[in-house]
Amino acid sequence: MSIEAREAKDKGNAAFARGDHAEAVRWFSEAIAYDGGNHILYSNRSAAYAAMNKYQEALYDADKCIELAPTWVKGYGRKGLALHFLARYDDAIAAYQKGLELDPASEQFKNGIADANQAKAQQEHDEESFAGNNPLAQAFSGDIWAKLDNDPRTSTFHSTPAIFNKIELVRKNPQLLEGLLGDESVMQALAVLLNIPINPNPRPTSGASSTPSSTPSRTPPPSSTSAKPSSTSTTTSSSSKPVEPEMPPEKVAAEKEKELGNQAYKQQQFETAVEHYTKAMELYPDEIVYRSNRAAVYLEMGRYEDCIRDCEQALEDAKRVRKYTMNGKLLARIGNAYAKMEKWAEAITYYNKSLTEQRTADTLQRLQKAEKAKKEADEKAYFNPEISLAEKAKGNDAFAKQDFPEAIKCYTEAIKRNPKDHVLYSNRSASYLKLGEFPYALKDAEACITMNSSFVKGYTRKAACHFYMKEYHKAMTAYHEGLKIDPNNAECLEGLRNVESAIMGASGKDKPDEEQLRHAMADPEIQAILTDPIMRQVLQDLQSDPSAARRHMANAEVADKISKLVAAGVIRTG
């Protein structure tokens, strides 16, 4: 991690500790700008977002953390928490279960699964009870949008993100309806779904008054010969509501064209849909929806440049008429068009712009896919085995001269040019070992083994990392894995002897090695052995009942676990 990234991270940690979570997000974001490949930074920012109740953002960062470090267990805890508070309980349980695979003794993940199961059961009970007892909630079940789209009162709701999201929330969680009964758009949707006719401009008819009144009937309209309207003809009761102006005839005609365009679109008659949307735009240029709809058709037709032009013009029109509710959707559609053209950098730019206007799960997912696709495309474009071999040779020369930082630089460039060459990871691991950067060396050794599990040097590099980190039990395991491939491998045999000597030396000391114990107690394998009821009984017998201990040691599996505890420094034989 660079100095700048570390400083920003420390400031983010300090802000988080004092409860200033927005400031923490700002500093963690700055750290990510310096070091976008560091999984801990995404984990920290995920925690800060979660503390602000921004769980969608917390989920995005948790997923990024896991992508960068799939074996780092804390990432799954961040993901499970975000999914829980997004009410995606099944996904939260799956995340916690993945974490348990990496850390079987984790109480956090066990409790997380229990909490998610409980919340899921409660939600199902509440939804069933609420929907069953509330006929209003039942109106939002099934395919509601077909009905809403075809009613002039609600035909624009589908294309208005704020209203669409609100109604979707009610559809997915009927309990929310009770708190939204005062919302005009929700009430309009409810009226349509319950088939309640509403006449926006009620006009009384003669002899049809609903209640008797002594008030004289309304004065008839003035004759065509009147120069001025009479005062009596324009006077209205102070309690009457103002009548909303009717839709201009141009927009009425445009709406008809839009509906024809919608029908053609649903039938995949795209050319016809374009014609109707174009005519709607000509009739009423101030309505952004018409151009947005045409852009959507162009996207389906593969006319991506036309789609982008329409969206950009719609954004300009939105500024002119000061209607910004569709900006997020338009920007995301531009991103979709660039993604279809595999212009990933442009797609990422517009997805990020869209998210500043309106954060939706769909756009976040598309952003993630675009970032992944760009990374793969960049790697593919950079791939060049010949240059990789040349950089590898430079790295070997630098290693021979003991210029290990230069060797790492050359091996890193070689890996970028040919990321599937396992030898490069082995060589860089050896360079990191020389500099004492054991975690980085271990990561490269494991990558080497993943690519070629029969390459013995990968195991010797891994064993050396564990040896220098005083994780002797893991070093022994790695050397034994290497000997399975090559039983006479001199480096593995020599390494085993060194490990055994180190274990004996540690056992003979007056005090246990605190660093060794710290590493051991953080190891999930050692934790699992120590929490195993059978092994706990064995350890007790070793101290109090030598004859029982001998019987236990006759069991090969138990003996192997005892050996690991001795190698880890948990049991001292001296």
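Residues numbered from 1 in each chain as written. Predicted model: local features only at pLDDT ≥ 70, side-chain atom pairs only at ≥ 80, totals over all residues. Heavy atoms only, no water.

Participant: What exactly am I supposed to notice about the overall build of the chain here?
Facilitator: For the chain, the helix and strand inventory stands at 31 helices and 0 strands. Counting over 574 residues, the chain shows a buried share of 41%. Sequence-distant contacts in the chain: of pairs separated by 6 or more residues, those separated by 24 or more amount to 54%. (Helix = DSSP H or I, 4+ residues; strand = E, 2+ residues; numbered from the N terminus. Buried < 20%, exposed > 50% of the residue type's maximum accessible area, 1.4 Å probe, protein only. Contact = heavy atoms within 4.5 Å.)

Participant: Looking at this structure, I do not really get the nonpolar core. What am I missing?
Facilitator: One broad trend across soluble globular proteins is that nonpolar side chains are buried collectively. Ranked by size, the top nonpolar core spans 35 residues in total, and within it C307, L330 and I334 carry the most contacts. Residue assignment for this core shows that the elements contributing at least two residues are α14 (270-283), α15 (288-301), α16 (304-321), α17 (327-340), α18 (344-357) and α19 (361-382). Setting aside anything within four residues of it in sequence, one finds L330 in contact with I288, S292, C311, A314 and L315. Core analysis: the second largest hydrophobic core is formed by 24 residues, A475, C492, I503 and V558 among them. (Core = buried A, V, L, I, M, F, W, Y, C linked by side-chain atoms within 4.5 Å.)

Participant: Is there a simple way to think about α14 in this case?
Facilitator: An α-helix turns once every 3.6 residues. As a result, residues three or four positions apart point the same way. In this model α14 runs 20 Å from its N-terminal to its C-terminal C-alpha over 14 residues, within 8% of the 20 Å that 1.5 Å per residue would give. Among the residues making up α14, those that are buried are F270, A273, V274, H276, Y277, T278, A280 and M281. On its buried face, α14 is in contact with α13 (249-266) and α15. (Expected span 1.5 Å × (residues − 1).)

Participant: Would you explain unusual backbone geometry in this entry?
Facilitator: The bulk of non-glycine residues show a negative phi, and the bulk of peptide bonds are trans. The phi dihedral of R322 falls on the positive side, at around 60°, and the residue is not glycine. Looking at where R322 falls in the secondary structure, it is placed in the loop between α16 and α17. Residue R322 is classed as exposed on the basis of its relative accessible area of 70%. One non-glycine residue, E342, lies in positive phi territory at about 60°. By secondary structure assignment, the location of E342 is in the loop between α17 and α18.

Participant: Whenever I open this one, the side chain of R333 confuses me. Can you help?
Facilitator: With respect to the helices and strands, R333 occurs in helix α17. Although R333 is buried, it makes no salt bridge; E300 carries the closest opposite charge, 8.4 Å away. For R333, the side chain forms a polar contact with the side chain of S292, separated by 2.8 Å. Apart from the residues within four sequence positions on either side, R333 is in contact with S292, A295, A296, L299, C307 and C311. (Lys, Arg positive; Asp, Glu negative; His and termini not counted. Salt bridge = Lys/Arg side-chain N within 4 Å of Asp/Glu carboxyl O. Polar contact = N/O pair within 3.5 Å; in protein donor to acceptor, adjacent residues only side chain to side chain.)

Participant: Help me understand the packing of aromatic side chains in this model?
Facilitator: Two numbers describe a pair of aromatic rings. These are the distance of the centres and the angle of the planes. Under the definition given, this model contains 9 aromatic pairs. With a centroid separation of 5.5 Å and an interplanar angle of 10°, the aromatic rings of F438 and Y468 are classed as stacked. Linking F438 in helix α23 (residues 438-451) with Y468 in helix α24 (residues 456-468), this pair joins segments that are 30 residues apart in sequence. Aromatic rings pair up to connect F438, F467, Y468 and Y472 into one cluster. (Phe/Tyr/Trp six-rings, centres within 6.5 Å; stacked < 30°, edge-to-face > 60°.)

Shape descriptors only; they carry no functional weight alone.
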